[in-house]
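# Understanding the architecture of this molecule
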Amino acid sequence: MPSVNALLLARVQFGFTISFHIIFPAITIGLASYLAVLEGCWLHTRNEVFRTLYLFWSKIFAINFGMGVVSGLVMAYEFGTNWSRFSDFAGGITGPLLTYEVLTAFFLEGGFLGVMLFGWQRVGLGLHFFATLMVAVGTLVSATWILASNSWMQTPQGYDIISGRVVPTDWLAVILNPSFPFRLAHMGVAAFLATALMVGAAGAWHLLRGRDDPGIRMMTSMAMWMLLVVAPIQAVVGDLHGLNTLQHQPVKIAAIEAHWENQASGGVPLTLVGWPDQDRETTRLGVELPHLGSLILTHSWDGQFRGLKDFPREDRPNVAIVFWSFRVMVGLCLLMIALGLWAAWLRWRGSLYRTRSLLRVALWMGPTGLVAMLAGWITTEVGRQPWVVYGVMRTAQAVSAHGAAEVGLSLALFILVYVTVFGAGVAYMLRLMAHGPGLPGGPMDATQVKGGPGQPRQPLRPLSVVAEPLHSAPTGGPVQG
Amino acid sequence: MGIDLPLIWAVIILFSVMMYVVMDGFDLGIGLLYPFVRGKADRDVMMNTVAPVWDGNETWLVLGGAGLLAAFPLAYLVVLSAFYLPIIFMLLGLICRGVAFEFRFKASDQNCHWWDKAFIGGSAVATFFQGAILGAYIDGIPVENRAYAGAALDWLTPFSVFTAVSLFVAYALLGCTWLILKTEGALQARMKAIARPLTWALLAVIVAVSVWTPLAHAAIAHRWFSMPNLFWFAPVPILVSVACWQLLQSLRRDPSAGPFLLTLCLIFLCYTGFGISLWPNVVPPSISIRDAAGPPQSLGFTLVGALLIIPMILGYTAWGYYVFRGKINASSGYHE
């Protein structure tokens, strides 16, 4: 059997690799749809600003997509290398779902990405738009399958256990398991929100530096509209997801609220902040608002829900982590809603692009969509511990029988390579964003760069999506293999 | 129903792995050939011949892994546990080379060389460990109670190191003949010059592996040299000789697609050789596709999708290659 350390290291490795990975697909999902909208608007209006923005964001998309592919490759194999008992037990369900993701999404993205990025001169406009749409659809289909798989692990149904292994009995029930629609909506909206915040921050950065042109205005404007509409939707979806969790994973909700036990009378208060103490089964320094917990989770003044003491100690997740990651997520979502409303108010007043305080806030909130998303995943994944398949298989039973030395070595290598390689990639993305889109017909307009012998602006790299070299040097070099 | 699900799935996975070996083979090969080409412009061209397609190529590896998990979960977990370290090293290599496709063109001139090194190093590491895994797989994997029963470094044997070297040669030749197809001028001439010794080297390692394999593995020797198998398998070495000879001939004439297609034939023949040596085991030496198969409900459900979608994938993949057909060079690139 694996040692406790090997289990812990395997969990850290999974948490590390999946957290790094999920950032890229989230941006891919958001940007692919954004690019499809931009190209559609351009084809419809022939306003060159849309095309300029398309070419600009597709460069950032290309870097981000590559990082998503290679970090995702690791995930497809990690189930076997580190979690072989889980794969033996549940492979009959997670395997087919993953295979459908590859067949319906990965190939679609990979097959059309080349045309989308490099095919402007090779196919007609309609076919190019079709390629962009296929990539965008692929990203959404991909999210659907992988979230079906994750949701099945959270709320499993539609299976039997025969000679110690899961056998699917009803595929529709497996895929449409109770938490799936909520998780899909919540994550899909999170990807759009994170992308809108990133695009808005890029626009705000240029406006703050006095670069005020139609392209910058357009992307800032689109991002703030998106925020205004989508951030409140996310709050509603999140609330529904929470109610669904209360129904199927009540101990997770009890941990989120640090709700230890019910009092004889009266509603459950909401603990705003505090330090949940798992051993003493109490929350220290808690600041409580009476009845609000009942109101949020049961939508009634005196409603009750089960406290942590209702569950055996060995079935409880780490309360402090779940409690705080949830508060980070919700706090940031409230800030996003506020930013959207503030921007709408300034837009109405006609000073959206000139109000430096708003632009500064929009800039600093650039990464908060991703932070909130990671905090949300930490909440739901730590909150379902100690189970890997909820109520059916414990995480400790799922791990491969490797020694701590092997798992530790691979973890160290993953950290080294991910931090340098993906750190450099993120630096390139940020530098492109700081560079900004070119004006139609201006010196940065990629559509004007035709290349070819004798032309003054002949690109040295005909196939690179970026038209200009970037100036300063990156800090980190890659590590060889 | 009379459908033999494990059999069909074994064919699908064998097909995916072959697609991977062939397609990522030539783009990994380009990484292996980078050290032989110094000029930045030529290196740009080499990378640009695969930039629009490398991502689709690599997806076949993901399909192989996911399909194995879906259809043969026992094989998936045993193989990945047994080859834990080589798989991790291979993945890290693929990361370093995969990001180089985009990063190389974003880096400043003084930092570009880092991504060239990442591309070369990543390609070499991924190739080496894929080859080592192949050799160790032929050597066989001990299994007890549905789990890997060996040690962490059992995969490292003289045979597996030799198959790793052999795969280097095979991928390099694939990349080399791909570049003969996709480039022109000095770069193409350079590749033509490299292709000839690489062909001889590939023939040498094929012969060596073909001798070493039955000598070291009694079960495979028995399969090869017993009647009537000997009769059925005899065409493989004959076809290999013919393909090599044709390849050398076509390198002499003014070549475009010929050398690449003949190299594909050679790789396919080698792949067939491994297939007939190990069939029907999915985990040599003892676990067959039937022992490792998952529940029929899982295989059947996934098969519907696979049979419907794989032809579509092949269709639009072929379209993608068609869109980016023709020679690539530094001055025109894809701008026509």
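Residues numbered from 1 in each chain as written. Chains lettered and ligands numbered in written order. Predicted model: local features only at pLDDT ≥ 70, side-chain atom pairs only at ≥ 80, totals over all residues.

## What to know about the overall build of chain A
Quick note on the threshold: Per the convention used, a helix needs a DSSP run of H or I reaching at least four residues, while a strand needs a run of E reaching at least two, with both numbered from the N terminus. Every radius of gyration here is taken over C-alpha atoms, with the globule rule written as 2.2 Å times N^0.38, N being the number of residues. Put plainly, a residue is buried at 20 or more neighbouring C-beta atoms within 10 Å of its own, exposed at 12 or fewer, and partly exposed in between, counting only other residues' C-beta atoms, which are placed from the backbone. We call two residues in contact when the distance between their C-beta atoms, placed using the backbone, is within 7 Å.
Looking only at helices and strands, chain A has 14 helices and six strands in total. Taking 481 residues into account, the globule formula puts the C-alpha radius of gyration at 23 Å, and chain A, at 24 Å, falls close to it. Dimensions along the principal axes, computed over C-alpha positions, put chain A at roughly 80 × 55 × 45 Å. Taking all 481 residues of chain A together, 52% fall into the buried category. For chain A, contacts bridging at least 24 residues in sequence account for 74% of all contacts bridging at least 6.

## Structural notes on the overall build of chain B
Of the regular secondary structure elements, chain B holds 14 helices and four strands. In terms of principal-axis extent, the alpha carbons of chain B reach across some 60 × 40 × 40 Å. Counting every position in chain B, which comprises 336 residues, the buried fraction comes to 54%. Contacts in chain B between residues at least 24 apart in sequence constitute 77% of all its contacts with a sequence separation of at least 6.

## Here's the deal with the environment of B:Asn329
All names here are of chain B. With respect to the element layout, Asn329 can be found in the segment after helix H14 (296-323). Residues Asn329 and Leu68 lie 261 residues apart in sequence; the distance between their C-alpha atoms is 40 Å. In this structure, Asn329 is in contact with Val45, Thr183 and Glu184, ignoring residues within four places of it in sequence.

## Quick look at the interface of chain B and chain A
Formally: Each residue receives one of three labels: charged for Asp, Glu, Lys and Arg, nonpolar for Ala, Val, Leu, Ile, Met, Phe, Trp, Tyr, Cys and Pro, and polar for the others, Gly being one of them.
The interface of chain B with chain A comprises 75 residues on the first partner and 73 residues on the second. At the level of elements, helix H2 (40-48), helix H3 (54-71), helix H4 (73-82), helix H5 (84-106), helix H6 (112-139) and H14 of chain B are the ones that each hand at least two residues to the side of chain B that touches chain A. Per-element tally for the side of chain B that touches chain A: the top contributor is H5(B), with 17 residues. The class makeup of the residues in the side of chain B that touches chain A is 43 nonpolar, 24 polar and eight charged.

## With respect to the pairing of strand S1 (residues 159-162) of chain A
Residues and elements named next belong to chain A. Just so we agree on the cut-off: When DSSP locates at least two bridges between a pair of strands, those strands are taken to pair.
With four bridges joining them, S1 and strand S2 (residues 165-168) adopt antiparallel strand pairing. In the strand pairing of S2, Ile162 is matched with Arg165. Where S1 folds back on S2, the antiparallel hairpin that results is connected by two residues, among which Ser163 adopts a positive phi of roughly 40°.

## Thoughts on helix H6 (residues 180-208) of chain A
Residue and element names in this part refer to chain A. Where we set the bar: Expected span, for any helix, means 1.5 Å times one less than how many residues it has.
Look at H6: 41 Å from first C-alpha to last across 29 residues, which is about the 42 Å you get at 1.5 Å a residue. Burial analysis of H6 places 24 of its 29 residues in the buried class, which makes it a mostly covered element. A positive phi of about 80° marks Gly210, the residue just after H6.

## Points about the confidence of the model for chain A
Test applied: Confidence of the prediction at every residue is given by pLDDT, a number between 0 and 100.
Overall, the predicted model of chain A reaches an average pLDDT of 86, with 90% of residues at or above 70. Predicted confidence for residues 441-481 of chain A stays below pLDDT 50, and this span has 91 contacts to residues more than four positions away or in other chains.

## Structural notes on the pairing of strand S3 (residues 270-277) of chain A
All names here are of chain A. In this structure, S3 lies alongside strand S4 (residues 282-289), joined through six bridges in antiparallel fashion. Each bridged residue has a counterpart across the sheet, and for Val273 the counterpart in S4 is Val287. From the end of S3 to the start of S4, which pair antiparallel, there are four residues, and Glu281 there has a positive phi angle of about 55°.

## Looking at unusual backbone geometry
In the segment running from A:Gln385 into A:Pro386, the intervening peptide bond is cis, with an omega of 10°. Looking at where A:Pro386 falls in the secondary structure, it is placed in the loop between helix H12 (368-383) and strand S5 (387-389). Cis geometry is adopted by the peptide bond preceding B:Pro285, which originates at B:Pro284 and carries an omega value of 5°. Relative to the helices and strands, B:Pro285 resides in the loop between strand S3 (281-283) and strand S4 (287-288). Phi at A:Ala258 is positive, roughly 45°, even though this residue is not glycine. In this structure, A:Ala258 sits in the loop between helix H8 (250-256) and S3. Here A:His291, not a glycine, exhibits a phi torsion of approximately 65°, which is positive.

## So, the packing of helix H1 (residues 5-33) of chain B against H14(B)
Residues and elements named next belong to chain B. Filter applied, for reference: Lines are fitted to the C-alpha atoms to define the axes, a helix being fitted only along its stretch in contact, and any angle between axes, read from their N-to-C directions, falls within 0 to 180 degrees. Here the word oblique covers every angle except those under 35 degrees (roughly parallel), over 145 (roughly antiparallel) and from 65 to 115 (roughly perpendicular). Should the near helix be turned counterclockwise from the far one by less than a right angle, the crossing is left-handed, whereas a clockwise turn marks it as right-handed.
Where H1 contacts H14, the axes come no closer than 10 Å and their chain directions differ by 50°. Comparing their axes, H14 and H1 come out oblique. H1 and H14 meet at a crossing whose hand is left-handed. Packed against H1, whose contacting residues are Leu5, Pro6, Ile8, Trp9 and Ile12, the element H14 presents Pro296, Leu299, Gly300, Leu303 and Ala306 at the interface. A class-by-class count of the residues in the contact of H1 with H14 yields nine nonpolar, one polar and no charged.

## Structural notes on H12(A)
Here H12(A) spans 22 Å end to end across 16 residues, near enough to the 22 Å set by a 1.5 Å rise per residue. Along H12(A), the residues that are buried comprise A:Thr368, A:Gly369, A:Leu370, A:Ala372, A:Met373, A:Leu374, A:Ala375, A:Gly376, A:Thr379, A:Thr380 and A:Gly383.

## Observations concerning the confidence of the model for chain B
Residue and element names in this part refer to chain B. Here chain B shows a mean pLDDT of 88. Residues at 70 or above account for 97%. Low pLDDT (under 50) marks residues 332-336, which in the prediction has 18 contacts with non-local residues, meaning those over four places away or in another chain. Note on the complex model: pTM 0.87, ipTM 0.87.

## Section: the environment of B:Trp54
Residues and elements named next belong to chain B. Mapping Trp54 onto the fold places it in helix H3. Classification of Trp54 by C-beta neighbours within 10 Å gives buried; the count is 25. With 44 residues separating them in the primary sequence, Trp54 and Gly98 have C-alpha atoms 8.4 Å apart. What Trp54 contacts, discounting residues up to four positions off in sequence, is Asp27 and Phe101.

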